[in-house]
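Spelled out, the chains give:
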Amino acid sequence: MNIEILPSLLAADFGQLADEIRRAEASGADALHLDIMDSHFVPNLSFGPDVVALSKKVAPNFYRNVHLMMSRPDLYLEKFIDAGAQTLQLHIEADCDLHTEFKRVKALGAKRALVLNPETPVERLLPYLDEVDEILVMTVHPGYGGQKFIADCLPKVSYLRERKPKLDIMIDGGGNAETIPLAAKAGANQFVAGSYLFAKADMKAAVDDLRLRINAVI
Ligand code: DX5
Ligand code: ZN
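Residues numbered from 1 in each chain as written. Chains lettered and ligands numbered in written order. Predicted model: local features only at pLDDT ≥ 70, side-chain atom pairs only at ≥ 80, totals over all residues. Heavy atoms only, no water.

Student: Outline the side chain of S8, supporting the account with residue identities and numerical values.
Tutor: Mapped onto the secondary structure, S8 falls in the loop between β1 (4-7) and α1 (17-26). With near-sequence residues (within four places) excluded, S8 lies in contact with H33, D35, V192, A193, G194 and F198. (Helix = DSSP H or I, 4+ residues; strand = E, 2+ residues; numbered from the N terminus. Contact = heavy atoms within 4.5 Å.)

Student: If you had to explain the coordination of the zinc ion (ligand 2) to someone new, which residues and values would you point to?
Tutor: Only H33 (NE2), D35 (OD), H67 (ND1) and D172 (OD) from the protein coordinate the zinc ion (ligand 2), and they sit 2.1 to 2.3 Å from it. Bound by 6 donor atoms, the zinc ion (ligand 2) shows angles of 72 to 172° at the metal and therefore octahedral coordination geometry. Going along the chain, you hit the donors of the zinc ion (ligand 2) in the pattern H-x1-D-x31-H-x104-D. You can see H33 sitting in strand β2 (residues 31-37) and its partner H67 sitting in strand β3 (residues 63-69), a full 34 residues away along the chain. Overall, H33 belongs to the buried group, its relative accessible area being 0%. (Donors = N, O, S within 2.8 Å, 3.2 Å for Na, K, Ca; no water. Tetrahedral: all angles 85-135°; square planar, octahedral: opposite > 155°, others 65-115°. Buried < 20%, exposed > 50% of the residue type's maximum accessible area, 1.4 Å probe, protein only.)

Student: Provide a residue-level description of the packing of aromatic side chains, including the pertinent values.
Tutor: Here the structure, examined in full by the defined rule, presents 2 aromatic pairs. Ring geometry for F14 versus F47: centroids 6.1 Å apart, planes at 50°, classification tilted. Placement of the pair is F14 in the loop between β1 and α1 and F47 in the loop between β2 and α2 (49-58), with a sequence separation of 33 residues. Look at F14 and you get partly exposed, because its relative accessible area is 44%. Classification of F47 as buried rests on a relative accessible area of 11%. Centre to centre, the rings of Y76 and F80 are 6.5 Å apart; their planes meet at 50°, and the pair counts as tilted. Looking at R163, its charged tip hangs above the ring of Y159, at a distance of 3.6 Å from the centre. (Phe/Tyr/Trp six-rings, centres within 6.5 Å; stacked < 30°, edge-to-face > 60°. Lys NZ or Arg CZ within 6 Å of the ring centre and 35° of its normal.)

Student: Give me the site of ligand 1: which residues, what numbers.
Tutor: Around ligand 1 lies a shell of 19 residues, among which G143, G146, D172, G194 and S195 are the nearest. With respect to ligand 1, the side chain of D35 contributes an N or O atom lying 2.8 Å from an oxygen atom. In the environment of ligand 1, an oxygen atom lies 2.7 Å from a nitrogen or oxygen atom belonging to the backbone of G194. For ligand 1, whose free accessible area comes to 380 Å², the fraction covered by protein is 99%. Elements supplying a minimum of two residues to the shell around ligand 1: β2 and β3. With 3 residues, β2 is the single largest residue contributor to the shell around ligand 1. Here the residues of the shell around ligand 1 sort into 7 nonpolar, 10 polar and 2 charged. (Near = heavy atom within 4 Å. Polar contact = N/O pair within 3.5 Å; in protein donor to acceptor, adjacent residues only side chain to side chain. Areas by Shrake-Rupley, 256 points an atom, 1.4 Å probe, with all protein chains shown as cover. Nonpolar A, V, L, I, M, F, W, Y, C, P; charged D, E, K, R; others polar.)

This is how it looks when you write it as structure tokens:
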């Protein structure tokens, strides 16, 4: 499986967003993770399609992975894809018909990912596994960066990896040099890290170190 590391822009210095996007790209990370929060699905607001468009403008070749923590992602699919989203991550807990929405995402030319929260049983994903390009297993309760990794979510990763040897499986929340190798061991191949990576003066060294630690356990 392709190993991918994704800095989450939520942890960037918003006073220098363009430079922070360039810094994440220059670190050698594989894609940028953009967290969209609607203050309804989660108790927080972040940013919208304009920031996705900004990241496309300043780093056109840096892949844009967009995490929709929204009750009605269906109302915004076109807006995010027009702004430059390349993978759209939709929560199974959202208030829309995901079979329909994944068809739309594909027709609009983006990749489809299904996300589940820590309290959601992994079996709920089974009817969708053949309709998505990626699964995102949340390892914190969504809404904020800088939270503690919930290791109890890792059996979901192993469960999915057993059933889908080739599917991309991502983890998001609390990722760092200690927790990301645990997720890799469980079978994840894509890793979000927000506060851990953006706090580093040398993000490239931290990304290189994460790759070494992942490769040491897989
Ligand atoms: C949580 C977001 C995460 C968050 C990760 O609601 O979906 O992507 O930005 O931040 P860290 O890595 O700091 O936990
Ligand atoms: Zn996220």
